[in-house]
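Tertiary structure, described
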Amino acid sequence: MNTISFLIELVLPYLAVIIFIISLVIRIKNWASMPHNLKWSLYPMPVTYKEQIKFMLKEILSFKSVFHNNRRLWIGGWIFHIGMALIVLWFLSFLIGLHTGIILRIGLLILFVLPIYILIVRIANKQMRAISSPIEYFNLSIFIIIAALGFSVIKNPFMHPDVVRQYFIGILLFHPVTFTASPSFLWLLAMVEFFLIYFPNSKMLHMVSKYFAFHKVNWESH
Amino acid sequence: MKQPVPQKNEELQNSQLQEQPKKITKQKRQYPFFAIEDPVEENRIPIFLKTFESVLKDEKYRLLLDLYLNTCASCNSCAEQCHLYQTTHEQRDLPAYRSNLLRSIYKRYYTTSGKLLGKLVGAKKLEESDIDNMIESFYRCTMCRRCAVECPMGVDNALITRIGRCILGELNLAPKNFTISSSQQLRGIGNTSGIPKAAFLDTLDFLQEEIKDITGQNVEFPRDKVGAEYLFISPVSDYIMEADTLMGTAMALQAAGADWTIGTEYYDAINYGLFYSDKVTADVLNKLLAEAYRLKVKKILIGECGHATKVVKLFMNIFGKYKFEVQNVMEYTAKAIEEGRLKINPEVNKDTVTYHDPCNLGRGLGIYDAPRTIVKASTIHFVEMYPNREKNYCCGGGGGGVTVPDIYEFRMRISGIKKVEQVKATGAKYLIAPCANCKKQLRELMEYHKLPVNVIGVHDLLIKALVF
């Protein structure tokens, strides 16, 4: 195993997860602990915990606001997030030995096609272009690259699922198993590790920041 | 062959040497959008950045700004809700685009990625032209917060607009009407309309006589009653322009058995600071609270006005030297109706009426039902405009814009158009709008667009409908 393979396969997985967790905790702790003396409430607001959960779930599961206000973007965004959910679902089922390759393929297809669609919407529409910056295009490109590499790994006959499963289980149990990974797998792993480090320090953390925007600001009554 | 250089005329040469160098006069900056009094002309960029930095460190705003400036999904849901953008379809009126004027500066100067990567992450170095753009942009926005209702990330572009205005305010880049009125309120005669105490007292007497003439009832406007339960205070402009609202209010309070008073040392609930300056907000607010303290009241009852109620309710705990329970008078009256303390005959108000939800009362404070309780109890034909409540459109004069005559055409032909369409669709003869600013804007709109609709306050209906 050469140095680069060693770093990507055996060092960076742990480093990436540690940085991911630490960055996430710092940002959440920062937002959770900040004072909010100015009451800048927005009415109507869900009052009870049950009402707040219902509101958030409705928004998270259906992207209700974007559905009503920007249908073209909603198609891309909503399906894209379903794609991400499918990838996570596949990974968990893969670890426990289920054969869910079809879920992986659908997820990767979505992760490849929909960011391209969203990119086109952002670039082709004058109003969307006016409020988008290169970093938004970059964020979408990460997923396109990861999906393309994912397809490349699936198509590689030397990347047997059982070997890959043993590798990930070894990582999770702090008992890493080395194997001769294909270049596409190494690239894929490197991209995922980069994503883990980058994600909590990027705008993609909007899934967490919105919780605080609603709970600590908009829904704070007088 | 090289041509010889023509020799200069010696006399001409000498006269040129004696000519005094021309004075380079700096051209005064032009502010086309609205008139500005004594704007800061030099060192605008460092002052802007210093002020921005202090706002970012300000405990009041740190959480909100950190969230709002870091979070935006760039989905343009806000644009579909913005009455301004829906009318102009201009890029500069996209709420997210406007917020990016400040967001891009924040990224450039206060984030590591912004400092290193600049435009790639949407960061921008502040230039003089950016400040000029902000002057117009932050005042085109009426701070109605309709965009915030639909934002999937919970971002409130109106707050970013307000912060932008406050920073510009430190450079004296606020409408002259704001600064002069606030100055008059704080240092001059003590209120934004320049009404001296003697004239104010005469007005109260006049209103009492008017009520007697119209209804035959003796209704008092109690003055300086120490220890009363409520101090009633409304925008001083109501005493010039909204006599019916005040008369209806006094009648309702007396009929409901309220223990209330008006303070004659300070009687103006207007606070333009809400629109452009925390310092002015605090100073004006404390004048109001000092009057309540002087009279040893237990609670403050603000008149129908939206922004006046919002300032006291939102900022009292931060800036206020004294603390009181605060209510809008419509909340009091609605409760009195529900508890049966007020008897009302709606048959006297037969015309079709509709109700405009002021942004500061509705989206800002959740006061949607109280005015409707009073209106529905006082009329027989109430029609909701569409959309309504939290989705209702701004009158077009929000954010203090109604007080700036320079942007009259903008308010009539751009920011108020959606409201005109709404009112037309109801077919109503009366448009009820509690907020003083909304009333002024709406009356001007009805006149400009030749709509035969009368704009009145909520309590106006009670003058005829209240049964003593």
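The rules behind these values
Residues numbered from 1 in each chain as written. Chains lettered and ligands numbered in written order. Predicted model: local features only at pLDDT ≥ 70, side-chain atom pairs only at ≥ 80, totals over all residues. Helix = DSSP H or I, 4+ residues; strand = E, 2+ residues; numbered from the N terminus. Buried ≥ 20, exposed ≤ 12 C-beta atoms within 10 Å, placed from the backbone. Contact = placed C-beta atoms within 7 Å. Core = buried A, V, L, I, M, F, W, Y, C linked by C-beta atoms within 7 Å. Nonpolar A, V, L, I, M, F, W, Y, C, P; charged D, E, K, R; others polar. Domains from an automatic or database assignment. Expected span 1.5 Å × (residues − 1). pLDDT = per-residue confidence, 0-100. Pairing = 2+ DSSP bridges. Axes fitted to C-alpha atoms, helices over the stretch in contact; angles between N-to-C directions.

**Things to note about the overall build of chain B**
From N to C terminus, chain B includes 24 helices and ten strands. The dimensions of chain B, computed from C-alpha atoms along their principal axes, are 110 × 50 × 45 Å. Taking all 468 residues of chain B together, 54% fall into the buried category. Put simply, of all contacts in chain B between residues at least 6 apart along the chain, 80% involve residues at least 24 apart.

**Re the nonpolar core**
By size, the foremost hydrophobic cluster in this structure holds 175 residues, and its most contacted members are B:Leu64, B:Leu231, B:Met251 and B:Ile302. Once residues lying within four places of it in the same chain are set aside, the contact partners of B:Leu231 are B:Thr261, B:Gly263, B:Glu291, B:Ala292, B:Leu295, B:Val297, B:Ile300 and B:Leu301.

**A few points about the interface of chain B and chain A**
Each partner contributes to the interface: chain B provides 45 residues, whereas chain A provides 37 residues. Elements that contribute at least two residues to the side of chain B that touches chain A include exactly helix 3 (62-70), helix 4 (77-81), helix 6 (95-110), helix 9 (146-150), helix 17 (306-319) and helix 19 (362-365) of chain B. Examining the composition of the side of chain B that touches chain A, we find that six residues originate from one element, helix 3 of chain B, more than from any other. Among the residues forming the side of chain B that touches chain A, the class breakdown is 22 nonpolar, twelve polar and eleven charged.

**Points about unusual backbone geometry**
Each neighbour pair has its own omega, and for A:Tyr43 with A:Pro44 the value is 5°, a cis peptide bond. Within the fold, A:Pro44 resides in the loop between helix 1 (3-33) and helix 2 (49-62). Residue B:Pro387 follows B:Tyr386 across a cis peptide bond; omega there is -5°. You can see B:Pro387 is positioned in the loop between strand 7 (382-383) and helix 21 (408-415). Phi at B:Asp224 takes a positive value of approximately 50°, unusual for a residue other than glycine. If you trace the backbone, B:Asp224 turns up in the loop between helix 12 (197-215) and strand 1 (230-233).

**Some remarks on the domain arrangement of chain B**
Residues and elements named next belong to chain B. Examined at the domain level, chain B breaks down into domain 1 (44-174), domain 2 (190-338) and domain 3 (343-467). Each partner contributes to the interface: domain 1 provides five residues, whereas domain 2 provides five residues. Within the side of domain 1 that touches domain 2, the residues separate by chemical class into two nonpolar, one polar and two charged.

**Quick look at helix 12 of chain B**
The end-to-end C-alpha distance of helix 12 of chain B, which contains 19 residues, comes to 27 Å, matching closely the 27 Å that a straight helix rising 1.5 Å per residue would cover. Looking one or two residues past helix 12 of chain B, B:Gly216 carries a phi angle of roughly 80°, positive in sign.

**With respect to the confidence of the model for chain B**
Residue and element names in this part refer to chain B. The pLDDT averaged across chain B works out to 92; a share of 94% of its residues lies at or above 70. Predicted confidence is poor over residues 1-19, with pLDDT under 50, and the contacts of this stretch with residues over four places away or in other chains come to one contact. For this predicted complex, the interface score ipTM comes out at 0.92, while the overall pTM is 0.91.

**A look at the sheet that holds strand 3 (residues 299-302) of chain B**
Residue and element names in this part refer to chain B. The four strands lie next to each other as 2-1-3-4, forming an open sheet whose pairing is parallel. On the outer flanks of this sheet lie strand 2 (260-262) and strand 4 (325-328), each paired with one strand and no other. On average, each strand axis in the sheet is tilted by 30° relative to the strand beside it, whichever way the strands run. Bridge count between strand 1 and strand 2: three bridges; the pairing is parallel.

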